[in-house]
Amino acid sequence: AGFGAIRYTLDGSAPTPASPLYAAPFNVSLPATVRAASFAADGSELAAPRERRLDRAALLSLPGTELGNCAGSDFRLRLQPTPDATSTQPVYAVNIFDNCQQFPATLMDGVAAIHVDAVRLVRNYALAGDAKLVVSRPHATPFGELVVHADQCDGPVLASMPLPDPAHSARNFTLTAALPAQQGEHALCLVYTAPIDGPLYAIGRATLTP
């Protein structure tokens with residue numbers, strides 16, 4: 001926004017105008033608690049402090065809004081689950097042309113499974129001539145799957161989780177699958193293969209577990 005300055009603390013205290021200025025990424029040792037708030041030039045607080053606990057478990061669990069697009073597309077919408085939503089949350093990041101997101105490179109030692117909080121959304125988009133740009137992927141089950149690839153979206157398949165029947169399942173549902181053992185840092189590509197003439201799907205949160 002070009003207004004205000006972000007101040008932060010690492011000792012659990014509330015940030016003040018005298019706290020360190022956030023100007024660039026910084027390193028911390030895990031576990032750590034970062035609290036941050038923004039301040040106007042006269043020292044008045046512009047918003048309540050926000051807190052984030054950083055530890056191994058927290059870094060293995062990300063909301064879908066923090067998962068980037070897969071390579072090749074930067075189109076992205078922030079969608080609510082229903083058109084008559086009465087609040088600003090929850091919100092989901094969706095690429096309506098290529099339903100694929102990237103879990104960033106993460107130390108995978110000891111990770112044995114993935115758990116995804118998924119949501120089904122209405123595909124309310126009249127794309128006209130752009131409809132030809134929507135990526136359609138083959139699916140092995142009637143309603144498609146959420147497929148997990150190693151490193152990139154044409155990488156080895158690590159897991160495939162079938163999607164439930166839209167006519168007989170809740171809008172919000174969970175998907176869980178075991179992952180083969182991996183060593184070192186790897187990204188994960190999470191791809192929905194649902195038929196493109198049906199509902200859209202989004203990721204509420206993706207969590208890697210031991």
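Asker: Looking at this model, I keep getting lost on the layout of surface pockets. Mind explaining?
Answerer: In this approach the atoms are scanned with a rolling probe the size of a water molecule, which exposes any empty space left behind. Roughly 340 Å³ of volume is contained in the largest pocket. In terms of lining residues, the largest pocket is bounded by 13 residues, among which Leu30, Leu59, Pro104, Ala105 and Thr106 are the most central. For the lining of the largest pocket, the secondary-structure elements that each account for two or more residues are strand 3 (50–54), helix 1 (56–59) and strand 8 (100–107). Looking at the lining of the largest pocket, its residues break down into 9 nonpolar, 1 polar and 3 charged. Looking at the second largest pocket, its volume works out to about 180 Å³. Looking at the lining of the second largest pocket element by element, the count peaks at 3 residues for strand 3. Among the residues making up the lining of the second largest pocket, the classes are represented as 2 nonpolar, no polar and 4 charged.

Asker: In this structure, what is going on with the sheet that holds strand 10 (residues 145–150)? I would like to understand it.
Answerer: Pairing between the strands of a sheet comes from backbone hydrogen bonds, and it takes one of two forms, parallel or antiparallel. Pairing within the open sheet is antiparallel, and its 5 strands lie in the order 5-8-13-10-11. Each having just a single partner strand, strand 5 (68–69) and strand 11 (157–162) make up the two edges of the open sheet. As judged from the 5 bridges shared by strand 10 and strand 11, these two strands associate in the antiparallel manner. Looking at the pairing, valine 148 lines up with alanine 159 of strand 11.

Asker: I tried to follow the nonpolar core on my own but got confused; where do I start?
Answerer: For soluble globular proteins, the rule of thumb is that nonpolar side chains tend to be buried together. Core analysis: the largest hydrophobic core is formed by 28 residues, its most contacted members being Ile114, Val148, Leu179, Leu190 and Leu208. Among the elements of the structure, strand 9 (113–121), strand 10, strand 11, strand 12 (172–178), strand 13 (185–192) and strand 14 (200–209) are those that each provide at least two residues to this core. With near-sequence residues (within four places) excluded, leucine 179 lies in contact with Met108, Val111, Ala112, Ala113, Ile114, Val148, Leu158, Ala159 and Leu208. Within the second largest apolar cluster, 10 residues are counted, among which are Leu79, Ile96, Phe97 and Ala202.

Asker: Could you clarify how one ought to interpret unusual backbone geometry in this entry?
Answerer: Note the cis peptide between leucine 30 and proline 31, where omega equals -5°. Looking at where proline 31 falls in the secondary structure, it is placed in the loop between strand 1 (5–9) and strand 2 (32–39). Across the junction of glutamine 89 and proline 90, the peptide omega takes the value 0°, indicating a cis bond. Assignment of secondary structure puts proline 90 in the loop between strand 6 (77–79) and strand 7 (92–94). A positive phi angle, close to 50°, is found at alanine 128, a residue other than glycine. You can see alanine 128 is positioned in the loop between strand 9 and strand 10. You can call alanine 128 exposed: its relative accessible area is 69%. Phi angles above zero are rare outside glycine, and aspartate 151 is one such case at about 70°.

Calculation criteria
- Residues numbered from 1 in each chain as written.
- Predicted model: local features only at pLDDT ≥ 70, side-chain atom pairs only at ≥ 80, totals over all residues.
- Heavy atoms only, no water.
- 1 Å grid on protein atoms, 1.4 Å probe; cavity = no way out; pocket = protein on both sides within 12 Å on 5 of 7 lines; lining within 4 Å.
- Points joined across faces, edges and corners; volume = space filled by probe spheres on them.
- Helix = DSSP H or I, 4+ residues; strand = E, 2+ residues; numbered from the N terminus.
- Nonpolar A, V, L, I, M, F, W, Y, C, P; charged D, E, K, R; others polar.
- Pairing = 2+ DSSP bridges.
- Core = buried A, V, L, I, M, F, W, Y, C linked by side-chain atoms within 4.5 Å.
- Buried < 20%, exposed > 50% of the residue type's maximum accessible area, 1.4 Å probe, protein only.
- Contact = heavy atoms within 4.5 Å.

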